[in-house]
Amino acid sequence: MESLLKDFKVVGFNGDHFFGLLDSHHILLRFTYKEDYLRCWLRGTWTFQGFIMRVFKWTPYCSVETESPIIPI
């Protein structure tokens, strides 16, 4: 988490952001600025330290046990 937080600062998000670890493969992100949220969300996938991070909107029905049927192409 510490290295991911550093990578996010290098990318240049303007406001504060919160990272919460849901499990070993899922992270909850919250942004203080709408512009930062939109930048993260609209890009869809990010690469940090050689790992791909896919971005999905959280819903009350979100389950970390179920893999999303949506994949990047």
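In the block above lies the structure referred to throughout.
Definitions and cut-offs
Residues numbered from 1 in each chain as written. Predicted model: local features only at pLDDT ≥ 70, side-chain atom pairs only at ≥ 80, totals over all residues. Heavy atoms only, no water. Buried < 20%, exposed > 50% of the residue type's maximum accessible area, 1.4 Å probe, protein only. Helix = DSSP H or I, 4+ residues; strand = E, 2+ residues; numbered from the N terminus. Arc of directions from axis to C-beta. Contact = heavy atoms within 4.5 Å. Phe/Tyr/Trp six-rings, centres within 6.5 Å; stacked < 30°, edge-to-face > 60°. Lys NZ or Arg CZ within 6 Å of the ring centre and 35° of its normal.

Student: What am I meant to see in helix H1 (residues 2-11) here?
Tutor: Those residues of H1 not exposed but buried are Leu4, Asp7 and Phe8. End-on, the buried residues of H1 take up no more than an arc of 100 degrees, which puts them together on one face. Of the exposed residues in H1, those oriented more than 90 degrees away from the buried face are Glu2, Lys6, Lys9 and Val10. Those residues of H1 that are buried are in contact with strand S1 (17-23), strand S2 (26-31), strand S3 (45-48) and strand S4 (51-54). Following H1 by one or two positions, Gly12 adopts a phi angle in the positive range, close to 100 degrees.

Student: Even after reading the chapter, I still don't get the packing of aromatic side chains, so can you show me in this structure?
Tutor: How two aromatic rings sit relative to each other is given by the distance of their centres and the angle of their planes. Inspection of every chain in the model, using the stated rule, returns three aromatic pairs. Between Phe13 and Phe31, the ring centres sit 5.3 Å apart and the planes meet at 40 degrees, which makes this aromatic pair tilted. Of this pair, Phe13 sits in the loop between H1 and S1 while Phe31 is found in strand S2, placing the two residues 18 residues apart along the sequence. Note on Phe13: relative accessible area 8%, which makes it buried. Given the relative accessible area of 18%, Phe31 is considered buried. Centroid distance Phe13 to Trp46: 5.7 Å. Interplanar angle 50 degrees. Geometry classified as tilted. Of this pair, Phe13 sits in the loop between H1 and S1 while Trp46 sits in strand S3, and the two are 33 residues apart along the sequence. These aromatic residues form a ring-pair network of at least three members: Phe13, Phe31, Trp46 and Phe48. A cation over an aromatic ring shows up here: Arg39 above the ring of Phe13, its NZ or CZ 4.9 Å from the ring centre. In this structure, Arg43 is placed above the aromatic ring of Trp46, and the distance from its NZ or CZ to the ring centre is 4.1 Å.

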